[in-house]
Amino acid sequence: PSPQLTMGREPSIAAGPEFTAVGFELDGEILIGQEEGPGQVNFDAPGPPSSIFPTEGFELGGVGDPELFWLLDSLYVYYTAYDDNGAGSIGSAMITDGMAQKAEAPVLAPAGDVVSYASPTLMVRDDLAVLIVQATLGSGVTELHAFYSVDPETGWARIVDGTLEE
């Protein structure tokens, strides 16, 4: 491999109504670009401002695990945000006019017996969004937790035993 070649981790691809977005983690930041052809990604479009850099208190340890998805005509990014102790929460941003508008607080933060959340995966079907994340418990056990929302901007509810909590 070329010494100039830098490999990103944890890629995500989302085909949308305007373009296909590609994102990956590199050195604790998330880079987002626009696919322009087979194997070609332009990171100047939608624009460098659409990349996610750790700027919030809950992101001081870096960001990673991007999950890109389109909801109607908007591109969203959910990601793992690590605090300065290494505990993860799930952050979010909406890409509008080439700019990443990040939420000021995590959409999912560890609570109760959960000490860290990571690796968000999301699907949208029939106006229902389902978010699955890796949860690390205080005992060290890791398990998957699922959440649902009819509007990801207003919050998420946990799915327990296959049923939707109210």
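Reading guide: rules and limits
- Residues numbered from 1 in each chain as written.
- Predicted model: local features only at pLDDT ≥ 70, side-chain atom pairs only at ≥ 80, totals over all residues.
- Heavy atoms only, no water.
- Phe/Tyr/Trp six-rings, centres within 6.5 Å; stacked < 30°, edge-to-face > 60°.
- Helix = DSSP H or I, 4+ residues; strand = E, 2+ residues; numbered from the N terminus.
- Buried < 20%, exposed > 50% of the residue type's maximum accessible area, 1.4 Å probe, protein only.
- Pairing = 2+ DSSP bridges.
- Axes fitted to C-alpha atoms, helices over the stretch in contact; angles between N-to-C directions.

Engineer: Help me understand the packing of aromatic side chains, please; the structure alone is not making it clear to me.
Structural biologist: Each aromatic ring pair is specified by the distance between its two centres and by the angle formed by the two planes. Within this structure, the stated rule accounts for five aromatic pairs. Here F19 and W70 contribute two aromatic rings whose centre-to-centre distance is 5.2 Å and whose plane-to-plane angle is 75°, an arrangement assigned as edge-to-face. In this pair, F19 is assigned in the loop between β1 (9-15) and β2 (20-26) and W70 in strand β5 (residues 62-71), connecting sequence segments 51 residues apart. Taken as a pair, F19 and W70 share a single burial class, namely buried.

Engineer: How should the sheet that holds strand β3 (residues 29-37) be read in this particular structure?
Structural biologist: If you walk across this open sheet you meet the four strands as β1-β2-β3-β4, and the pairing is antiparallel. The open sheet has two free edges, formed respectively by β1 and β4 (40-42), since each of these has just one partner strand. Put simply, the sheet's adjacent strands are angled 35° from each other on average, direction ignored. Bridging between β2 and β3 involves six bridges; their strand directions are antiparallel. Bridge pairing links E25 to I30 in β3.

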